[in-house]
Amino acid sequence: MKYRTLGRSGLKVSEIAYGSWISYTEGSAERIAREALEQGITTFDTADVYGGTRAEAVLGRALENVRRESVEISTKVFAPIGPGPNDRGLSRKHIMEAAHGSLRRLKTDYIDLYQAHRFDERTPLAETLRAFDDLIRQGKVLYVGVSEWTAGQISEALELADRMGLDRIISNQPQYNLVWRVIEEEVVPLCEREGIGQLVWSPLAQGLLTGKYLPGQAPPAGSRAAGVAASQFASGALTDDVLKRVAALGEVAADLGLSMPQLAIAWVLRNPNVASAIVGATKPEQLAQSVTASGVELDDEAVARIDRILEPVIERDPRKTPAEPTDYRS
């Protein structure tokens, strides 16, 4: 496993991070967390909304006997986690209450990276940034970041933090993969200038880029597109045109001696603004396979070949931010 600095901060993260969005049952989460540690993963990403707070609780138990200083735990706040009008958003009240809930569930005294899961149009940005800064001053949060913010929103937050003398955000967590590149036009250039690193989610496009989905065939039994998460699978991703182009990537991977997951994750990590690719898993062996992409380098010829195959189905429109899984090709 290789490690990268997150933006211009001093925080090191593993090139492959484990994300608990799709796996938060007791047994599987513990086995996968153990596999992650054995593979050299030190960065664990979750959110209070995943599984209705269950993901944080399960991750906290899975890491309970791990030396705290050896891992980086990131979580997020914004989405509704209760029935009340203040159980959501980025108000001071919700941020403070949500942070304490996350600390309790994660069984830790501090969160390495606390992220605004989405932008809150209903709360003054200064209120949000001050609440985050207060958590840092209290030692409950070490760094702050955002997820799926536009370049304009990130820029406004940076300017306001500088004007108010607050800690700046150091990271953004967007969807980014071979077919979803909406951050490249505006977000990445801004973040490169301002010292913000990307912790990207869905580097395998929810499994689309593993090659498991084949044109003209139903999704395999047990796959995400066929299972309980089918309703959240990217709409339009399973068209014959998309699947034929993804299948053609198999030849590129084979010529390079790589698996398709290795190819897809290595492509994401080729972007110097990307600090880590967050991968989910329901089985330890899936995580072990993803980890092998760390350190793989793709040459310009391979990248050009990939682009020629995928170009008609690549989404680049920055107006697609914030992204949701169901946005793809919709």
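Presented here is an overview of the structure given in this document. Remember, predicted model here, so these are calculated numbers, not experimental data.

What counts, and at which threshold
Residues numbered from 1 in each chain as written. Predicted model: local features only at pLDDT ≥ 70, side-chain atom pairs only at ≥ 80, totals over all residues. Heavy atoms only, no water. Buried < 20%, exposed > 50% of the residue type's maximum accessible area, 1.4 Å probe, protein only. Helix = DSSP H or I, 4+ residues; strand = E, 2+ residues; numbered from the N terminus. Pairing = 2+ DSSP bridges. Right-handed = clockwise from strand over helix to strand, strands pointing away. Contact = heavy atoms within 4.5 Å. Phe/Tyr/Trp six-rings, centres within 6.5 Å; stacked < 30°, edge-to-face > 60°. Core = buried A, V, L, I, M, F, W, Y, C linked by side-chain atoms within 4.5 Å. Axes fitted to C-alpha atoms, helices over the stretch in contact; angles between N-to-C directions. Parallel < 35°, antiparallel > 145°, perpendicular 65-115°, else oblique. Nonpolar A, V, L, I, M, F, W, Y, C, P; charged D, E, K, R; others polar. Expected span 1.5 Å × (residues − 1). Arc of directions from axis to C-beta.

1. Re the pairing of strand 5 (residues 72-77)
Next up, step 1: Counting buried residues along strand 5, 6 of its 6 residues qualify, which places the element largely inside the surrounding structure.
Next up, step 2: Burial of strand 5 is two-sided: the residues Glu72, Ser74 and Lys76 facing one way and the residues Ile73, Thr75 and Val77 facing the other way are all buried.
Next up, step 3: Taken together, the 3 bridges between strand 4 (residues 43-45) and strand 5 define a ladder with parallel strand orientation. Directly across from threonine 43, in strand 5, lies its bridge partner glutamate 72.
Next up, step 4: In this view, the connection linking strand 4 to its parallel neighbour strand 5 by way of helix 2 (residues 54-62) has right-handed handedness.
Next up, step 5: Sheet analysis places strand 5 next to strand 6 (residues 111-116), joined by 4 bridges and oriented parallel.

2. Some thoughts on the environment of leucine 263
Next up, step 1: Within the fold, leucine 263 resides in helix 8 (residues 260-269).
Next up, step 2: Contact partners of leucine 263, with chain neighbours within four places excluded, come to Leu249, Val252, Ala253, Leu256, Leu258, Leu298 and Ile306.

3. Notes on the packing of aromatic side chains
Next up, step 1: Summed over the entire model, instances satisfying the criterion amount to 4 aromatic pairs.
Next up, step 2: Plain terms: the ring middles of tyrosine 114 and phenylalanine 132 are 5.8 Å apart, the flat faces sit at 85 degrees to each other, and that makes the pair edge-to-face. Of this pair, tyrosine 114 sits in strand 6 while phenylalanine 132 sits in helix 4 (residues 125-137), and the two are 18 residues apart along the sequence. No difference in accessibility class separates tyrosine 114 from phenylalanine 132, as the two residues are buried.
Next up, step 3: When the centroid spacing of 5.2 Å and the interplanar angle of 40 degrees are considered together, the rings of tyrosine 176 and tryptophan 267 count as tilted.

4. Structural notes on the nonpolar core
Next up, step 1: The biggest cluster of nonpolar side chains holds 90 residues, and the ones touching the most others in it are Phe44, Tyr114, Trp149, Ile154, Leu249, Ile306 and Leu310.
Next up, step 2: In terms of residues, this core owes the most to one element, helix 8, which gives 8 residues.
Next up, step 3: Sequence-distant contacts of tryptophan 149, that is, excluding residues within four places in its chain, are made with Leu90, Ala116, Arg118, Phe119, Leu125, Ile154, Ala157, Asn172, Val187 and Thr321.
Next up, step 4: Within the second largest apolar cluster, 9 residues are counted, among which are Leu6, Val13, Ala275 and Ile278.

5. Remarks on the packing of helix 2 against helix 3 (residues 92-106)
Next up, step 1: It is the contact of helix 2 with helix 3, at a shortest axis distance of 7 Å, that shows an interaxial angle of 40 degrees. With respect to each other, helix 2 and helix 3 are oriented oblique. Seen from helix 2, the contacting residues are Glu56, Ala57, Leu59 and Gly60; seen from helix 3, they are Ser102, Arg105 and Leu106.
Next up, step 2: Residue composition of the contact of helix 2 with helix 3, by class: 3 nonpolar, 2 polar and 2 charged.

6. A closer look at helix 7 (residues 240-256)
Spacing of three or four residues puts side chains on the same side of an α-helix, whose turn is 3.6 residues.
Next up, step 1: Its 17 residues place the ends of helix 7 25 Å apart at the C-alpha level, agreeing with the 24 Å of an ideal helix rising 1.5 Å per residue.
Next up, step 2: Considered for burial, the residues of helix 7 that qualify are Val242, Leu243, Val246, Leu249, Val252 and Ala253. For helix 7, the arc enclosing every buried residue in end-on projection is 150 degrees, short of the 170-degree limit, so these residues lie on one face. Opposite the packed face of helix 7, turned more than 90 degrees from it, sit the exposed residues Lys244, Glu251, Ala254 and Asp255.
Next up, step 3: The secondary structure elements touched by the buried residues of helix 7 are helix 8 and helix 10 (300-310).
Next up, step 4: A positive phi of about 70 degrees marks glycine 257, the residue just after helix 7.

Honestly, that's just the spatial picture; any functional story needs more than this.
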